[in-house]
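# Coordinate inspection notes
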Amino acid sequence: MQGRGSEIPMASADAFYVTTPIYYVNDVPHIGHAYTTLACDAIARFARLEGRRVHFLTGTDEHGQKVEKAAADAGVAPQAFTDRVSGRFRELARVMAVSNDDFIRTTEPRHLAGVQALWRELVRRDQIYLGRYAGWYSVRDETYFAESELTGGMAPTGAPVEWVEEPSYFFRLSAWQEPLLRLYEERPDFILPPSRRNEVISFVKGGLQDLSVSRTSFSWGIPVPDDPDHVVYVWLDALTNYMTALGYPNTETEAYRTFWPADVHVVGKDILRFHAIFWPAFLLAAGLQPPRRVFAHGWWTNEGQKISKSLGNVIDPVQLIEAYGLDQTRYFLLREVPFGNDGDFSRDAMVTRMNHDLANDYGNLVQRVLSMIQRNCDARVPAPGAYDDADHRLIAAAGDMLARVRAAMAEQALSRSLEMVFEVIASANRYVDAQAPWALRKTDPERMATVLYVLAEVIRRLALVTQAFMPDASGKILDQLAVPDDVRSLASFEDVASALQPGAALPPPSGVFPRFAGQAL
Ligand code: MSP
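The text that follows walks through the structure, step by step, so that each part is easy to find.

Quick notes on the rules
- Residues numbered from 1 in each chain as written.
- Predicted model: local features only at pLDDT ≥ 70, side-chain atom pairs only at ≥ 80, totals over all residues.
- Heavy atoms only, no water.
- Helix = DSSP H or I, 4+ residues; strand = E, 2+ residues; numbered from the N terminus.
- Polar contact = N/O pair within 3.5 Å; in protein donor to acceptor, adjacent residues only side chain to side chain.
- Contact = heavy atoms within 4.5 Å.
- Near = heavy atom within 4 Å.
- Areas by Shrake-Rupley, 256 points an atom, 1.4 Å probe, with all protein chains shown as cover.
- Nonpolar A, V, L, I, M, F, W, Y, C, P; charged D, E, K, R; others polar.
- Axes fitted to C-alpha atoms, helices over the stretch in contact; angles between N-to-C directions.
- Parallel < 35°, antiparallel > 145°, perpendicular 65-115°, else oblique.
- Bend = angle between axes of the 7 residues up to and from the residue.
- Salt bridge = Lys/Arg side-chain N within 4 Å of Asp/Glu carboxyl O.
- Buried < 20%, exposed > 50% of the residue type's maximum accessible area, 1.4 Å probe, protein only.
- Pairing = 2+ DSSP bridges.
- Left-handed = near helix turned anticlockwise from the far one by under 90°.

## As for the side chain of histidine 265
Tracing the chain through its elements places histidine 265 in strand S12 (residues 264-268). Of note is the side chain of histidine 265, whose polar atom sits 3.1 Å from the side chain of tryptophan 279. Not counting residues up to four positions away in its chain, the partners in contact with histidine 265 are Thr19, Tyr242, Trp260, His275, Trp279, Pro291, Arg293, Val294 and Phe295.

## Observations regarding the site of the ligand
Close to the ligand lie 22 residues; Ile22, Tyr24, Thr36, Asp61 and Trp300 are nearest. Between the ligand and the protein, one listed contact pairs an oxygen atom with a side-chain N or O atom of histidine 33 at 3.4 Å. In the environment of the ligand, a nitrogen atom lies 2.9 Å from a nitrogen or oxygen atom belonging to the backbone of tryptophan 300. For the ligand, whose free accessible area comes to 670 Å², the fraction covered by protein is 95%. Elements that contribute at least two residues to the shell around the ligand include exactly strand S1 (15-24), helix H1 (31-49), helix H7 (234-239) and helix H8 (241-244). No other element matches S1, which puts four residues into the shell around the ligand. Considering only residue class, the shell around the ligand consists of 11 nonpolar, nine polar and two charged.

## As for the packing of helix H12 (residues 326-336) against helix H15 (residues 414-435)
Two elements in contact, H12 and H15, have axes separated by 7 Å at closest approach and are oriented at 110°. On the basis of the axis angle, H12 is roughly perpendicular to H15. Contacts between H12 and H15 pair Tyr331, Leu334 and Arg335 from the former with Leu414, Ser415, Leu418, Glu419 and Phe422 from the latter.

## Thoughts on helix H13 (residues 347-376)
For H13, the principal kink sits at asparagine 364 and spans about 40°. Following H13 by one or two positions, aspartate 378 adopts a phi angle in the positive range, close to 65°.

## Some remarks on the pattern of salt bridges
Counted according to the given criterion, the structure contains 36 salt bridges. Among the salt bridges present, the one from arginine 488 reaches aspartate 479, with a minimum N-O distance of 2.7 Å. You can call arginine 488 buried: its relative accessible area is 12%.

## Structural notes on the sheet that holds strand S4 (residues 128-138)
Within the open sheet, the four strands sit side by side as S5-S4-S6-S8. Their pairing is antiparallel. Two strands close off the open sheet at either side, each with one partner strand: strand S5 (143-145) and strand S8 (211-212). In terms of strand pairing, S4 meets S5 through three bridges, oriented antiparallel. When the bridges of S5 are listed, serine 138 appears paired with threonine 143.

## Examining the packing of H13 against helix H17 (residues 445-466)
Between H13 and H17, the shortest axis-to-axis distance is 10 Å and the interhelical angle comes to 140°. The angle between the axes of H13 and H17 places the two elements in the oblique class. Regarding H13 and H17, the two cross each other, and that crossing is left-handed. Taken together, the residues of H17 that come into contact with H13 (itself represented by Tyr362, Leu365, Val366, Val369, Met372, Ile373 and Asn376) are Met448, Leu452, Leu455, Ala456, Ile459, Leu462, Ala463 and Thr466. Of the residues that constitute the contact of H13 with H17, the class distribution is 13 nonpolar, two polar and no charged.

## A look at the pairing of strand S11 (residues 227-232)
Relative to S11, strand S9 (residues 214-215) runs antiparallel, the two sharing two bridges. Its bridge partner being in S11, serine 214 is matched across the sheet by valine 232. Where strand S10 (residues 223-224) and S11 come together, two bridges link them in antiparallel fashion. Within S11, the residue paired with proline 223 across the bridge is valine 231. Where S10 folds back on S11, the antiparallel hairpin that results is connected by two residues, among which aspartate 226 adopts a positive phi of roughly 65°.

## Some remarks on unusual backbone geometry
The amide bond that connects leucine 192 to the next residue, proline 193, takes the cis arrangement and shows omega of -10°. Looking at the secondary structure, you find proline 193 in the loop between strand S7 (191-192) and helix H6 (194-205). The step from tyrosine 248 to proline 249 runs through a cis peptide bond, and the omega angle for that step is 20°. In this fold, proline 249 is placed in the loop between H8 and helix H9 (254-259).

As structure tokens, this is what we get:
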């Protein structure tokens, strides 16, 4: 592939490394954090189903002025405060059954050592020099802003800014403008979706200033090597987590050799610049490989309104899961908007997805077919006769689905993938209606057996794919089809030996996608 050759060995071909941003511990987790993590979880699970060796990293960003302030406001020492809030993020990952392989905290020794090593390497390569910063800073965004970027004295994000004047080390970002533009050019899929790529390119073309990478007016951070009056700028500290989690500065660890460069950093659009400009510039400047891709997703609003603490409309993901169910929440968030676009959370939309797509379409298909098999086929996988055109058409549609989903998942098109799955579910439901197996029971039991076999086999394939998105419900469907654990990867999708075996006993079916009957949040 273009632009990948270098002095450093490439990550092995079947390896796959996906990361979430590490979340600030100034506040408790909300739906936005849950969204990014769940999207990465689906991406990681899909890659595992493909048989890839996956490393899925998430964690917490614990240094900087914003966290220091939050700790002071809470009247707690920063470390004790971050221990507490970081625990909430870990707990959320557990409640959401997230399949992360590691959880990194930037206050861990393994991270600190890596950041200091990267700093030294940048100094050694003359990429960092001492100067003085005088300008605006937004603590909420942990970002420096030029005077020209402010509107009405506020940051473009609406956050307040303060005037900062202090000695500071600078990174020679300006020297990396051309190499960055070349990187974007050589690898058109380095930034996805394409609209975001264009934004980044025009920003970089507009010119890059050297970047202040240390602070002296507070102390909650990683000390700058050989100059402990300075702490490392929180973004240089935080971005490095993607490598320190693999063992950097030791680039010979099994994890580093296998997984760096990362396949995809998934981030919200708010932090794309840090990932698509600063991060590859730091890496190139240190002689390291940039990640393969940065994917920026959109932002959620709540019933049309921006989500914010001051508006009091923050959605607690735990409450969401309690009210609607985990797989339902996962499905809604990943299906409702094309990954990359902004989305709006509304109870109506959530309940519609839950009742319409899941209960009526997917759930009902599974329930109808499995109960007919239970009642009419002696609770065993029926033996099919010869297939007619309609059977072939449905089997072919299910077969094509995998190739289409693969292509979509290669671009992190999560919603599109689910759309393709639900097209097959709709076809299968139409097939049930047209074939009317309940009527065949008396008139043509052999044909009934064929129809139910075709349907059960299509459901097996649907459930194999939906494991990435709705792991619990899909697992239950596969259990009800008595699919053994060792044939639940996507290698079993087309494999003839893994198809359902006529005569195999099936357990009694039970519904996996209940209709929403509770009190909407
Ligand atoms: N600590 C930095 C990231 C460092 S990564 C090296 C940070 N943390 S954060 O806690 O503010 O999390 C930001 C991320 O949370 C966003 O990029 C996005 O992934 C997610 N979201 C926060 N609010 C969101 C919405 N309202 N909607 C969707 N996702 C949003 O930035």
